[in-house]
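Observations on the three-dimensional arrangement
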Amino acid sequence: MKKFLFAIILGIFPAMPMLATAAEPVAEQPDSSISITPYQFQYFLTQALVSRLPVRDEVADQVLMNPNILIGLILENGDTSPYGMNEIKAESVGEGTERAVVWVFPEPSEPPIALYVAFIPEGEKYRCYMLEKSVAGALLGDGSEGLWVIGSMVDRDHSNFGFTTRPASPAAFVEDVIQRTGPESSPDAAIHFPK
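Here's a quick rundown of the structure.

So, how was this worked out
- Residues numbered from 1 in each chain as written.
- Predicted model: local features only at pLDDT ≥ 70, side-chain atom pairs only at ≥ 80, totals over all residues.
- Heavy atoms only, no water.
- Buried < 20%, exposed > 50% of the residue type's maximum accessible area, 1.4 Å probe, protein only.
- Helix = DSSP H or I, 4+ residues; strand = E, 2+ residues; numbered from the N terminus.
- Pairing = 2+ DSSP bridges.
- Phe/Tyr/Trp six-rings, centres within 6.5 Å; stacked < 30°, edge-to-face > 60°.
- Contact = heavy atoms within 4.5 Å.
- Salt bridge = Lys/Arg side-chain N within 4 Å of Asp/Glu carboxyl O.
- Core = buried A, V, L, I, M, F, W, Y, C linked by side-chain atoms within 4.5 Å.

Glancing now at the pairing of strand 7 (residues 147-154). A large share of strand 7 lies buried, amounting to six of its eight residues. The pairing of strand 7 with strand 8 (residues 157-165) spans seven bridges and is classified as antiparallel. Along strand 8, the bridge assignment pairs S152 with S159. The turn joining strand 7 and strand 8, which pair antiparallel and follow one another in sequence, is formed by two residues; a positive phi near 55° is taken by D155.

Structure below.
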């Protein structure tokens, strides 16, 4: 497992300076460490991690069921995580080859931070889907019961699969994602983040 995690570190952390080209700048510390924002953690690091994990693999299952591993990798790299140890909960949804894992984050305070990031098997890899706090939801009230957005990141491409109400549970979120992202569906909108 240590060799596998070392490979993930090599795959993710050399690319972290490129996060500065993402939607918000990375805050550089005097000692050249990086202070990662919730947006960068949820939209870039989770996607970079999951793109390296094979479906139906025991080590991958351990990594997905323990968000502290990613937080630990950030801290071991000398960088600052927006989340503390044990602040993100992992929940398994479904069984067998269709089993998904959902990371439950603290209640987001602003759009487009996610409440849920679901890792759903698609072929031999996982794909990340987020339940994003939406601007529309924030305008309609406190945002907790308003509209949310289902989004997804693949490489540097973000897709939007439409508005939804807040799901009752991580399992309800996975069910909503599966219904919206079937083989004949397409995103409502998409954006590419240039390098």
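Our focus in this paragraph is the packing of aromatic side chains. Taken as a whole and judged by the stated rule, the model has eight aromatic pairs. Look at Y116 and F173: their rings are 5.7 Å apart centre to centre, the planes differ by 40°, and that puts the pair in the tilted class. Separated by 57 residues along the polypeptide, Y116 in strand 5 (residues 114-122) and F173 in helix 6 (residues 170-180) bring together distant segments of the chain. Classification of Y116 as buried rests on a relative accessible area of 6%. On the accessibility criterion, F173 (0% relative accessible area) is buried. An aromatic cluster of three or more residues is present, and its members are Y39, Y43 and F44.

Taking burial as the measure, the nine residues of strand 6 (residues 125-133) include eight buried ones, the bulk of the element. Direction of pairing for strand 5 relative to strand 6: antiparallel, over a ladder of eight bridges. From the neighbouring strand, A118 faces strand 6, where its bridge partner is Y129. The antiparallel pairing of strand 5 with strand 6 creates a hairpin that spans two residues between the two strands, and G123 there sits at a positive phi of about 70°. Here strand 6 pairs with strand 7 via six bridges, running antiparallel. The partner of K133 across the bridge, within strand 7, is W148.

Here we take up the side chain of Q47. With respect to the element layout, Q47 can be found in helix 2 (residues 38-50). Apart from the residues lying within four places of it in its own chain, the contact partners of Q47 are C128, M153, V154 and D155.

So, on to the pattern of salt bridges. Taken as a whole and judged by the stated rule, the model has five salt bridges. For E124, the salt bridge is made with R56, and the minimal N-O distance between the two is 3.3 Å. Of this pair, E124 sits in the loop between strand 5 and strand 6 while R56 is found in the loop between helix 2 and helix 3 (58-64), placing the two residues 68 residues apart along the sequence. The class for R56 is partly exposed, based on a relative accessible area of 43%.

The amide bond that connects P111 to the next residue, P112, takes the cis arrangement and shows omega of -5°. Along the chain, the position of P112 falls in the loop between strand 4 (100-104) and strand 5. Of note, R56 is a non-glycine position whose phi angle comes to about 60°, a positive value. Backbone geometry at N86 places phi at a positive 70°, although glycine is not the residue there. Topologically, N86 is positioned in the loop between helix 4 (68-76) and strand 3 (89-93).

Attention shifts here to helix 4. Among the nine residues that make up helix 4, seven are buried, leaving the element largely enclosed by the rest of the structure. Of the residues making up helix 4, those classed as buried are N68, I69, L70, I71, G72, L73 and I74. Count one or two residues on from helix 4 and you reach G78, which has phi positive near 85°.

Before going further, it helps to examine the nonpolar core. Ranked by size, the top nonpolar core spans 32 residues in total, and within it F41, W103 and F119 carry the most contacts. Mapped by element, the contributors of at least two residues to this core are helix 2, helix 3, helix 4, strand 4, strand 5 and strand 6. Once residues within four sequence positions are removed from consideration, F41 is found in contact with I36, T46, L70, I71, I74, S81, P82, Y83, I88, W103 and F105.

Read these as spatial facts, not as claims about activity.
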